[in-house]
Amino acid sequence: MTTKQMGVFQQPDRKNILSSFLNLLFPPLCPLCEAGIKEDAFCAPCLSGSKRMDGPVCLLCGRPFASEAGIHHTCADCLKKNPPFVKARSAFYYEGTLLSAIHRFKYGGNMAFLKPLSLLLSHAMTLLNERPDIIVPVPLHKERLKKRGFNQSLLLARELAKGLSVEVDCMNLKRTLNTLPQVDLKEKERVINVKGAFTVKDPSKFKGKRVLLVDDVFTTGATVRECAKVLKKAGAEVFAVTLARVGHM
Ligand SMILES: [Zn+2]
Ligand SMILES: [Zn+2]
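Computed from a predicted model, the values in this text were never measured in an experiment.

(A) Up close: the sheet that holds strand S7 (residues 237-245). Taken in spatial order, the five strands line up as S1-S7-S6-S2-S3 in an open sheet, and their pairing is parallel. Because the sheet does not close on itself, it has two edges, and the strands there are strand S1 (87-93) and strand S3 (167-168). Both strand S2 (residues 134-137) and strand S6 (residues 210-218) contribute to a ladder of four bridges, which runs parallel. Of the residues in S6, the one forming a bridge with Ile134 is Val211. Along the sheet, helix H5 (residues 96-106) makes contact with S1, S6 and S7, crossing S7 at roughly 105 degrees.

(B) Representation of the side chain of His141 within the structure. Topologically, His141 is positioned in the loop between S2 and helix H7 (142-148). Relative accessible area serves as the criterion here: at 11%, His141 is assigned to the buried category. Discounting chain neighbours no more than four positions away, the residues touching His141 are Arg175, Thr176, Leu177 and Asn178.

(C) Molecular detail of the environment of Asp77. Residue placement: Asp77 occurs in helix H4 (residues 76-80). Judged by its relative accessible area of 39%, Asp77 is partly exposed. Put simply, Asp77 and Cys46 are 31 residues apart on the chain and 34 Å apart in space, counted from C-alpha to C-alpha. A distance of 2.8 Å separates the side chain of Asp77 from the side chain of Arg63, its partner in a polar contact.

Conventions we followed
Residues numbered from 1 in each chain as written. Chains lettered and ligands numbered in written order. Predicted model: local features only at pLDDT ≥ 70, side-chain atom pairs only at ≥ 80, totals over all residues. Heavy atoms only, no water. Pairing = 2+ DSSP bridges. Helix = DSSP H or I, 4+ residues; strand = E, 2+ residues; numbered from the N terminus. Contact = heavy atoms within 4.5 Å. Axes fitted to C-alpha atoms, helices over the stretch in contact; angles between N-to-C directions. Buried < 20%, exposed > 50% of the residue type's maximum accessible area, 1.4 Å probe, protein only. Polar contact = N/O pair within 3.5 Å; in protein donor to acceptor, adjacent residues only side chain to side chain.

See the structure below:
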């Protein structure tokens with residue numbers, strides 16, 4: 001074969017060859033059990049240790065109902081008082097393997113969990129079934145950010161935004177009060193703790209926009225509600241997704 005004839009063959013994509021070769025040498029691992037898997041995801045046995053939030057939930061706040069048999073409807077709390085967001089949904093219950101994955105990511109700073117967790121977060125988007133104009137992560141106070149080194153909600157929001165081709169704004173919603181960690185507080189204390197903690201710098205940026213608030217965990221919802229309140233005050237229509245949610249409190 002002449003060199004000229006060889007020239008008609010398409011040049012193989014070097015990048016693809018390199019990544020296949022690297023995958024052969026170092027197959028991607030499930031960060032939970034370190035079993036080899038094909039993509040940046042948890043393996044099936046690890047995932048089966050977590051529970052998807054696919055049962056009936058409150059149409060507004062996304063609270064799961066104790067019985068799996070019914071249909072989606074509005075919960076008693078939302079009937080009494082509308083939440084400041086239009087709709088909130090979570091992908092999984094905050095328990096089992098997902099709880100330990102979130103801990104290892106958020107408190108252990110293990111970034112191998114970022115891609116698998118954002119894949120799971122996209123399940124909450126399917127349940128939400130709304131298209132946002134802007135994605136806004138729940139902000140950390142700058143002192144907390146200094147200590148942790150990263151905002152887990154921002155990292156998750158960025159990954160989610162890639163798949164949706166929507167802009168992430170992490171500058172306009174600010175946490176201006178350095179509150180106590182919610183994890184140590186009871187439900188009522190949580191509401192008081194985050195009251196007045198958030199500010200929108202430039203309300204015109206959010207006015208008339210469908211804003212998607214992103215957080216890792218929805219416990220009592222105090223943080224998401226307080227953020228949604230200030231976003232709504234800025235003129236936004238607010239939706240919220242979280243990776244996990246505490247089931248029944
Ligand atoms: Zn695994
Ligand atoms: Zn509700």
